[in-house]
Amino acid sequence: MKRILVAIVTLALTASFVPVATAAKAQNNFSITQKIVYVGLTPKDQPDFWTAQEEGTTTETSGQTMLSYAKSTVDEAITFWKQTTRGKMKFGTSRFVIGKAGTAIKHCNDSADKKLAMKIAGLKSIPIGTHLVTVNINDSCGYAGLGEQGGNSLLLKSFGTTTLIHELGHNFYFYHSSLLTCDKSDFTKFNATNCSVEEYGDFRDLMGNDDWCPSATLSATQRATTFSTPKALNLTIGVDTTVDESRMSTDRIVYQFKYKTIWYFFEYYIPGEDRCMFISSFLDKPQLQVRMAGPAWAKAKGSAIGPMLIQRRDADLPMSVVNLGPDSLEANMVLTGFLEGEQFQLPGAPYVLTVKSTGTTSAVFTLTKS
Ligand SMILES: [Zn+2]
């Protein structure tokens, strides 16, 4: 299931993407205990929306109240962010407050909803580390959720775990996990005419278009560039680099390389049983993924574009790299990474990537001058 639309407001439209995390900022400083204050606004015509015990309309909510469902989404989101920061992010006890009937107004006004939620929660201001989550199921703006880069407040219309995690990610300074494609998968013509960026396009994580599941995480690149946990390691040209599978908790799950204004990130991804969303047309093999940040033309494509995953189509390549059986119907396999034995000219830099091996827990690759 793909989220329909998730809007964000960014505070710093002019700030450029900084791949290497600098000093910890207020909202993702691990020394601050994070706290969620959750305010459920209530529709006028459904006064017991949050508390009704009756069977829910979906299997997700059946047998429980909306409030207990909301509490479970907060628990799941906290677990997600603890796991994603390797336990460095601390959370205090969450608080849940329900507004009286008539507070979930049919309108598109996030600042009015925020103000109302603060009043209901008894907050004159929002302390650093506190995240005010306001749910208005009658919000008519058209997005599932609205977060703010480095903010302390978010608005949800759809209050599932996926949207909550995503919008909290914006509060923690995450940009969108994006996707980079070029016409006919030809990355040698690397410009705005031939290539495009899909802002939420990275299938790998919840800052892109993945859905939540208990084993969900963010790409190692996202974790390294926003949280510095783990740190991205610098790779050396011409030297074999061993990179561990990106779900492992070692310190070598992501490598970085900078050429002029462009950053390149390398991580090793093995599609597993725990994959949250299975897309059958996506390459289901161990793969070295390359994400980029910084090309000027790509930055102009959106306000919250984060690392961009390089994606190709096997059918575009002069020779298939997938090695499908003769009976396979997957003629247009989407390649979300590079396979063992592949060589790839880095877009925008005179270097060639060679994937030397892809093992059960780590891969070996090298960059050489082209
Ligand atoms: Zn977003």
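Quick summary incoming for the structure in this document. (Residues numbered from 1 in each chain as written. Predicted model: local features only at pLDDT ≥ 70, side-chain atom pairs only at ≥ 80, totals over all residues.)

What to know about the overall build of the chain
Within the chain, the secondary structure is distributed over five helices and 19 strands. Burial status across the chain gives 43% buried among its 370 residues. The contacts in the chain between residues at least 6 apart in sequence include a share of 61% that link residues at least 24 apart. (Helix = DSSP H or I, 4+ residues; strand = E, 2+ residues; numbered from the N terminus. Buried ≥ 20, exposed ≤ 12 C-beta atoms within 10 Å, placed from the backbone. Contact = placed C-beta atoms within 7 Å.)

Considerations on the sheet that holds strand S7 (residues 176-182)
Strand order in the open sheet formed by seven strands is S8-S7-S14-S13-S12-S11-S9, and the pairing between neighbours is mixed. Of all the strands in the sheet, the pair left with one neighbour each is strand S8 (195-198) and strand S9 (233-234). By the bridge criterion, five bridges tie strand S11 (residues 255-259) to strand S12 (residues 262-269) in an arrangement that is antiparallel. Bridge pairing links tyrosine 259 to isoleucine 262 in S12. (Pairing = 2+ DSSP bridges.)

Concerning helix H1 (residues 66-84)
Taking 1.5 Å of rise per residue, 19 residues should cover 27 Å, and H1 covers 27 Å from first to last C-alpha, within 8% of that figure. Buried residues of H1: Met66, Ala70, Thr73, Val74, Ala77, Ile78, Phe80, Trp81 and Thr84, and no others. On an axial view of H1, the arc spanned by its buried residues comes to 160°, and they lie on one face. Buried residues along H1 sit against strand S2 (35-42), strand S3 (95-101), helix H3 (161-171) and helix H4 (220-227). Looking one or two residues beyond H1, the residue adopting positive phi is arginine 86, at roughly 55°. (Expected span 1.5 Å × (residues − 1). Arc of directions from axis to C-beta.)

Concerning the nonpolar core
In terms of nonpolar packing, the biggest core is built from 78 residues, with Val133, Phe266 and Met308 touching the most fellow members. The element contributing the most residues to this core is H1, with seven residues. Both domain 1 (7-171) and domain 2 (177-369) contribute no fewer than three residues apiece to this core. When sequence neighbours within four positions are dropped, the list of residues in contact with methionine 308 reads Ser178, Leu179, Leu180, Val197, Arg291, Met292, Ala293 and Ala298. (Core = buried A, V, L, I, M, F, W, Y, C linked by C-beta atoms within 7 Å. Domains from an automatic or database assignment.)

Details of unusual backbone geometry
Cis geometry marks the peptide bond from threonine 229 to proline 230, where omega comes out at -5°. With respect to the element layout, proline 230 can be found in the loop between H4 and S9. Phi is positive for arginine 86, which is not a glycine, with a value near 55°. You can see arginine 86 is positioned in the loop between H1 and S3. Positive phi, close to 55°, is recorded for lysine 184, a residue that is not glycine. Taking the number of C-beta atoms within 10 Å as the measure of exposure, lysine 184 has 13 and is therefore partly exposed.

A look at the sheet that holds strand S19 (residues 362-369)
Across the sheet, four strands lie side by side as S10-S19-S18-S17; this open sheet has antiparallel pairing. Each of the sheet's edge strands pairs with one partner strand only, and the pair in question is strand S10 (241-244) and strand S17 (343-345). Taken over all neighbouring pairs, the strand axes of this sheet differ in orientation by 30° on average, direction set aside. As paired strands, S17 and strand S18 (residues 351-358) are joined by three bridges and run antiparallel to one another. Along S18, the bridge assignment pairs glutamine 345 with valine 352. (Axes fitted to C-alpha atoms, helices over the stretch in contact; angles between N-to-C directions.)

Looking at the pairing of S18
Between S17 and S18, which follow one another and run antiparallel, lie five residues, and glycine 348 among them has a positive phi close to 80°. Where S18 meets S19, seven bridges bridge the pair, whose relative direction is antiparallel. From the neighbouring strand, valine 355 faces S19, where its bridge partner is phenylalanine 365. Between S18 and S19, which pair antiparallel in sequence order, lie three residues.

Some points on the packing of H1 against H3
Their axes nearest at 9 Å, the elements H1 and H3 cross at an angle of 45°. Put simply, H1 runs oblique to H3. The chirality of how H1 crosses H3 is right-handed. Along its contact with H1, which presents Thr73, Glu76, Ala77, Phe80 and Trp81, the element H3 presents Thr161, Leu164, Ile165 and Leu168. Among the residues forming the contact of H1 with H3, the class breakdown is six nonpolar, two polar and one charged. (Parallel < 35°, antiparallel > 145°, perpendicular 65-115°, else oblique. Left-handed = near helix turned anticlockwise from the far one by under 90°. Nonpolar A, V, L, I, M, F, W, Y, C, P; charged D, E, K, R; others polar.)

Section: the pairing of strand S6 (residues 153-156)
Working note: regular strand, side chains alternate between the two faces of the sheet. A two-sided burial pattern is seen for S6, the buried positions comprising Ser153 and Leu155 on one face and Leu154 and Leu156 on the other. One ladder, built from two bridges, connects strand S5 (residues 145-148) with S6; its direction is antiparallel. When the sheet's bridge partners are listed, glycine 145 is paired in S6 with leucine 156. In this structure, the hairpin formed by S5 and S6 is closed by a connection of four residues, where glycine 150 is found at a positive phi of approximately 70°.

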